[in-house]
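# Coordinate inspection notes
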Amino acid sequence: MASKQLRVLVCGDVEGNISQLYNRVNTIQKKSGNFDILLCVGDFFSGDGTDWESYKTGKQTAPISTLILGPCKPELDIYFPGPEGGELCPNIIYLGRKGRYIESAGLQIAYLSGIEGPGERGEAHTFGSQDVSDLMSPVVNDSRYKGVDILLTCQWPKGVDKYATSLERKTEKDSLTIGEVARILRPRYHFAGMEGIFYERQPYRNHQVLIESARHVTRFIGLANVANKKKEKYLYAFSITPLSLMEAAELIKQPTDVTECPYSETVRALQSQKEEEGPQFFYDMNSRPEDKKGTKRHHQSSRAQYDAKKPQKTAEAAGPCWFCLGSAEVEKHLVVSVGNLTYLALAKGGLVPDHVLILPIHHHQSTVAASSDILEEIEKYKTSLRKCFKMDGKATVFFERNYKTQHLQIQAVPVPKDSVPDVKDTFMQCAESEGIELHEIPKHSDLKQIVPAGAPYFYAELPSGDRLLHRIEKKFPLQFGREVLGEPAILNMPERVDWRSCKSSKEEESSMAAVFKEKFRAFDFNFF
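Residues numbered from 1 in each chain as written. Predicted model: local features only at pLDDT ≥ 70, side-chain atom pairs only at ≥ 80, totals over all residues. Heavy atoms only, no water.

## Details of the pattern of salt bridges
Proximity of charged atoms lets side chains of opposite charge pair with each other. Summed over the entire model, instances satisfying the criterion amount to 22 salt bridges. Of the charged contacts, one joins D43 and K73 as a salt bridge, the two residues approaching to 2.8 Å between their closest N and O atoms. Here D43, found in the loop between β2 (37–40) and α2 (50–56), pairs with K73, found in the loop between β3 (66–68) and β4 (86–89); they are 30 residues apart in sequence, far enough to count as distant. D43 gets classed as buried once you look at its relative accessible area, which sits at 2%. Between E250 and K253 there is a salt bridge; the shortest N-O distance is 3.1 Å. Judged by relative accessible area, E250 falls into the partly exposed class, the value being 44%. Accessibility expressed as a relative area gives 53% for K253, which makes it exposed. Each member of the salt-bridge network shares a partner with another, and the members are R97, K98, D131 and D134. (Salt bridge = Lys/Arg side-chain N within 4 Å of Asp/Glu carboxyl O. Helix = DSSP H or I, 4+ residues; strand = E, 2+ residues; numbered from the N terminus. Buried < 20%, exposed > 50% of the residue type's maximum accessible area, 1.4 Å probe, protein only.)

## Details of the sheet that holds strand β5 (residues 92–94)
Taken in spatial order, the six strands of this open sheet run β4-β5-β3-β2-β1-β15, and their pairing is mixed. What marks the edges here is a single partner per strand, and that holds for β4 and β15 (235–240). For this sheet, the mean angle separating the axes of adjacent strands, direction not counted, is 25°. Where strand β1 (residues 6–11) and β15 come together, six bridges link them in antiparallel fashion. (Pairing = 2+ DSSP bridges. Axes fitted to C-alpha atoms, helices over the stretch in contact; angles between N-to-C directions.)

## Digging into the packing of helix α8 (residues 372–391) against helix α12 (residues 506–520)
Where α8 contacts α12, the axes come no closer than 10 Å and their chain directions differ by 95°. Judged by the angle between their axes, α8 and α12 are roughly perpendicular. Residues Y381, S384, L385, C388 and F389 of α8 form the contact with α12, whose participating residues are F516, K519 and F520. Looking at the contact of α8 with α12 residue by residue, the classes come out as six nonpolar, one polar and one charged. (Parallel < 35°, antiparallel > 145°, perpendicular 65-115°, else oblique. Contact = heavy atoms within 4.5 Å. Nonpolar A, V, L, I, M, F, W, Y, C, P; charged D, E, K, R; others polar.)

## Side note on the nonpolar core
Membership of the largest hydrophobic core comes to 29 residues, with the highest contact counts inside it found for L21, Y22, L38 and F44. Sorting the residues of this core by element identifies β1, α1 (18–32), β2, α2, β4 and β5 as the ones contributing at least two each. Setting aside chain neighbours within four positions, we find L21 in contact with C11, V14, L38, C40, F44, Y234 and L235. (Core = buried A, V, L, I, M, F, W, Y, C linked by side-chain atoms within 4.5 Å.)

## Quick word on helix α9 (residues 420–434)
The end-to-end C-alpha distance of α9 is 22 Å, a good match for the 21 Å that 15 residues give at a rise of 1.5 Å each. Those residues of α9 that sit buried are V423, T426, F427, C430 and A431. Where α9 ends, the next residue or the one after it, G435, has phi of about 70°, a positive value. (Expected span 1.5 Å × (residues − 1).)

## What to know about the sheet that holds strand β20 (residues 410–416)
Across the sheet, which stays open at both edges, the eight strands sit in the order β16-β17-β18-β20-β19-β22-β23-β21 with antiparallel pairing between neighbours. Taken across any chain shown, the strands that pair with only one partner, and hence form the sheet edges, are β16 (335–338) and β21 (439–440). Each of β19 (394–402), β20, β21, β22 (457–461) and β23 (467–471) touches α9; the most contacted strand, β19, lies at about 20° to it. The sheet strands contacting α12 are β16, β17 (342–346) and β18 (356–360), and the helix crosses β17 at an angle near 125°.

## Notes on the packing of helix α3 (residues 129–140) against helix α4 (residues 176–185)
Where α3 meets α4, the axes come as close as 10 Å, and the angle between the chain directions of the two elements is 25°. In terms of orientation, α3 and α4 fall into the roughly parallel class. Between α3 and α4 lies a crossing of left-handed hand. Every residue of α4 that contacts α3 at V132, L135, M136, V139 and V140 is listed here: T177, E180, V181, I184 and L185. (Left-handed = near helix turned anticlockwise from the far one by under 90°.)

## Quick word on the packing of aromatic side chains
In this structure the tally under the stated criterion is 25 aromatic pairs. Aromatic side chains F80 and Y94 sit 4.7 Å apart centroid to centroid with 65° between the ring planes, which places their arrangement in the edge-to-face category. Residue F80 is found in the loop between β3 and β4, and its partner Y94 is found in strand β5; the two are separated by 14 residues along the sequence. Look at Y94 and you get buried, because its relative accessible area is 3%. (Phe/Tyr/Trp six-rings, centres within 6.5 Å; stacked < 30°, edge-to-face > 60°.)

## A few points about the side chain of S113
Within the secondary structure, S113 is located in the loop between β7 (108–112) and β8 (115–116). Within the structure, S113 has its side chain in polar contact with the backbone nitrogen of G70 (distance 2.9 Å). Discounting chain neighbours no more than four positions away, the residues touching S113 are L69, G70, Y94, G96, R97, F127 and C154. (Polar contact = N/O pair within 3.5 Å; in protein donor to acceptor, adjacent residues only side chain to side chain.)

## Points about unusual backbone geometry
Positive phi, normally seen in glycine, also occurs at E15, with a value near 55°. With relative accessibility at 31%, the residue E15 sits in the partly exposed group. The residue M194 is not glycine, and still its phi comes out positive at about 75°. Summarising the element assignment, M194 is placed in the loop between β11 (187–192) and β12 (199–200).

## As for the confidence of the model for the protein chain
Across the protein chain, the average pLDDT comes to 88, with 89% of residues at 70 or higher. Taken as a whole, residues 277–314 scores under 50 in pLDDT and shows 55 contacts with residues more than four places along the chain or in a different chain. (pLDDT = per-residue confidence, 0-100.)

## As for the environment of H444
The residue H444 is located in the loop between β21 and α10 (447–450) in this model. Through-space distance from the C-alpha of H444 to that of V258 is 6.8 Å; in sequence the pair is 186 residues apart. Once residues lying within four places of it in the same chain are set aside, the contact partners of H444 are Y163, D257, V258, T259, E260 and R467.

## A closer look at the state of the cysteines
Applying the stated criterion across every chain yields a total of zero disulfides. Considering cysteine sulfurs only, C40 is the nearest to C11, which forms no disulfide, with 4.9 Å between them. (Disulfide = S-S within 2.5 Å.)

Dropping the structure here:
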């Protein structure tokens, strides 16, 4: 299929500086050739309409076909004919409050003007829940829907920098709803204004790894305003082939810096917002029209169905737990460090003397079920252990088995540095011999987005930075992690695969714990 690349310019808030914008566009086009279209996000006009008059009266003409969004302030309503959009003057077109625009070459542009307002229908400078529903509902249950090329919004989506480069300052006018719009519409590019800063996020994927088929990625770009004093970037140039003209293999290519979708928790956050503010559009986004019998059918992803079925309550151990720190069953003589939410303990029957476990103090089933605060402290322990073992000339392998165990346990095992190149291959070879499928998890991906809470899995983090995952469906060898590390290429300790054959007396365990505790103290973040 023949493909045509379009050259596109996108601008942040113009705020009435129309001539300054077009002078800059003319300079760019003289240097690098003409562009096909200019898209503007945020406020195009300002209270002072002096600059606009010369274009409105025809004294000046826009040098490029320009598509703009509606107002974000009530005093700017006077420049717009109504919510449906239309040509304001030659070459300057108001898209409208919301909708989809298909350029002559096939480029699909979805847009949502104004800022989020209360109620179903927005005013001239706001959008309401029904406006968003009108934009999203035609595609939300369409299995053939791929996405759009470009999404234009005035507001930024809330939490857009999750999993990505952090923003230098917090956004002030962001919106949870915009994040949900982006999640459902799956644009290849998403542009927004209003924040007065430039931010180009790493691309994020629009599918759940190992659960859904690969889709294209989304690139979010926030643009500064024209004439900003800090001279931040307000004009973005790029070339794009319309999605409808691309081969599937080319469309779904994943860049090396791709991350998870930052809006995975948006629905949950919007539900909380609904409880506080009243009905919101997103609750009806999964509904289909009534069937012939008058009953409504609902479409949910496998992840949503899983979450809907699981009981929503605080985790409790089904019986006595050997790892809850407050439990009478826990063997406290093995504990070597205690943080605010997690602790470190020597492994009973460890592969090596420094084989330790990272565990939450209170009862949590797995990494997937743990809170962000717990995960943050777990990462601190991982960092400290890596530093500690590095002093011994060792690297660290971490693994977790969420299968036939009721308390989160992350095993940390030091291995010789010269074995590091063999660790991944050994995992893969052992998996193959056991009939286990181990998948590599892409960089910047989040285990919580890949595995539903409560689902059994085996997960390993290797010294090379590789992360491996097996979704357990039937049986799984309980000592798999130890089997791999006991192989000749790594620790060469096949006789220590089963922890029960490696037991020591309580006195010996206490002595080993004391030795490790003393060594680890210099790296323990709890003492800094």
